[in-house]
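# Fold and contact review
The primary structure of each chain is shown beneath.
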Amino acid sequence: MTIPSCQLYLISPLETGGDFPQQLQSALEAGPVAAFQFRVKDIDRDEAAKLAEPLKAICDAHDVAFIVNDDVALAKRLSADGVHLGQGDDDLKDARAELGDQAQIGITCHDSRHLAMEAGEGGANYVAFGAFYPTQTKETHHRPEADLLQWWSAVMEIPCVAIGGITPDNCKPLVEAGADFLAVSGSVWKDPQGPAHAVSQFTEILSTD
């Protein structure tokens, strides 16, 4: 199967209990997904680990990278494939020392070329730009333009992730600008027809790129 030039990167909702493992399973069966980020807030690490373990098993079975948001210790505990760090989270150098050379470490860079260059030069495996569109997933203060992706693709080989309010209806300009990954959350988990429907829609768009 040909890997499309832009791939899907799913981010979990904040609630990952209940039937969420089944939702994740159906999403991963609906089309190729490169990575899944486990993102929960305000729960202790033991509880987070308990929620994450079945989700990691599903990702492993589908050969999908399992990334932990903001918590290097939890990523290490779960033997996750990597960690995603914001600007206020653990230092990239410390995370690399803790998780090793094989870990995938991504850095949120908002709309900043400077932060992205710093992350790239510091050894990040990918940088994330956004929010490109209005989003209810988290509070955002940065609104980059698609040409930021174009610039990054021209000057750096490290992949870039576009994030923020991305749907099947608005993603095409980001793909055309050079996004390597589309990070999506609400548009998948809140799809009225279910996550599998959303993933299949994204797959159709990305496979024709």
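The rules we used
- Residues numbered from 1 in each chain as written.
- Predicted model: local features only at pLDDT ≥ 70, side-chain atom pairs only at ≥ 80, totals over all residues.
- Heavy atoms only, no water.
- Helix = DSSP H or I, 4+ residues; strand = E, 2+ residues; numbered from the N terminus.
- Expected span 1.5 Å × (residues − 1).
- Buried < 20%, exposed > 50% of the residue type's maximum accessible area, 1.4 Å probe, protein only.
- Arc of directions from axis to C-beta.
- Contact = heavy atoms within 4.5 Å.
- Pairing = 2+ DSSP bridges.
- Right-handed = clockwise from strand over helix to strand, strands pointing away.
- Polar contact = N/O pair within 3.5 Å; in protein donor to acceptor, adjacent residues only side chain to side chain.
- Disulfide = S-S within 2.5 Å.
- Axes fitted to C-alpha atoms, helices over the stretch in contact; angles between N-to-C directions.
- Parallel < 35°, antiparallel > 145°, perpendicular 65-115°, else oblique.
- Left-handed = near helix turned anticlockwise from the far one by under 90°.
- Nonpolar A, V, L, I, M, F, W, Y, C, P; charged D, E, K, R; others polar.

## Here's the deal with helix H9 (residues 195–207)
Between its terminal C-alpha atoms H9 stretches 18 Å, which fits the 18 Å expected from 13 residues at 1.5 Å a residue. Residues of H9 that are buried include every one of Pro195, Ala198, Val199, Phe202, Thr203, Ile205 and Leu206, and no others. All buried residues of H9 lie within an arc of 165 degrees about the axis, which places them on one face of the element. In H9, the exposed positions that point more than 90 degrees away from the buried face belong to Glu204 and Ser207. Buried residues along H9 sit against strand E1 (7–11), helix H1 (20–29), helix H7 (172–177), strand E8 (181–184) and helix H8 (186–189).

## What to know about the pairing of strand E4 (residues 82–85)
Along E4, one buried face is formed by Gly82 and His84 and the opposite face, lined by Val83 and Leu85, is buried too. Strand direction decides the pairing type here: strand E3 (residues 65–69) and E4, joined by three bridges, are parallel. The residue bridging isoleucine 67 from the neighbouring strand is glycine 82, located in E4. The parallel pair E3 and E4 is bridged by helix H3 (residues 72–78), and the resulting crossover is right-handed. In terms of strand pairing, E4 meets strand E5 (residues 104–110) through four bridges, oriented parallel. Considered in E5, the bridge of leucine 85 is made with isoleucine 107.

## Brief notes about the environment of asparagine 69
If you trace the backbone, asparagine 69 turns up in strand E3. Residue classification places asparagine 69 among the buried residues on the basis of a relative accessible area of 10%. The sequence separation of asparagine 69 and glutamate 145 amounts to 76 residues, and the corresponding C-alpha distance is 24 Å. Reaching out from asparagine 69, the side chain makes a polar contact with the side chain of glutamine 37 at a distance of 2.8 Å.

## Section: the environment of glycine 178
Looking at the secondary structure, you find glycine 178 in the loop between H7 and E8. Between the C-alpha atom of glycine 178 and that of alanine 146, which follows or precedes it by 32 residues, the distance is 8.5 Å. Setting aside anything within four residues of it in sequence, one finds glycine 178 in contact with Ser153 and Cys160.

## What to know about the pairing of strand E6 (residues 126–130)
Counting buried residues in E6 gives five out of five residues, a clear majority hidden from the surface. Here E6 shows a buried face lined by Tyr126, Ala128 and Gly130 and a second buried face lined by Val127 and Phe129. This β-α-β element, E5 to helix H5 (residues 113–121) to E6, shows right-handed connectivity. As defined by bridge partners, E6 adjoins strand E7 (residues 160–163) across four bridges and the pair is classed as parallel. Directly across from valine 127, in E7, lies its bridge partner cysteine 160.

## Quick word on the state of the cysteines
Summed over all chains, the structure comprises zero disulfides. Here cysteine 6 stays free of any disulfide, with the sulfur of cysteine 171 as its closest cysteine sulfur at 7.6 Å. Owing to a relative accessible area of 0%, cysteine 171 belongs among the buried residues under this scheme.

## Details of the packing of H1 against helix H2 (residues 45–61)
For the pair H1 and H2, interaxial distance at closest approach is 10 Å and the crossing angle is 15 degrees. Taken as axis vectors, H1 and H2 run roughly parallel relative to one another. Read as a crossing pair, H1 and H2 show a hand that is right-handed. Contacts between H1 and H2 pair Phe20, Pro21, Leu24, Gln25 and Leu28 from the former with Leu55, Ile58 and Cys59 from the latter. Within the contact of H1 with H2, the residues separate by chemical class into seven nonpolar, one polar and no charged.

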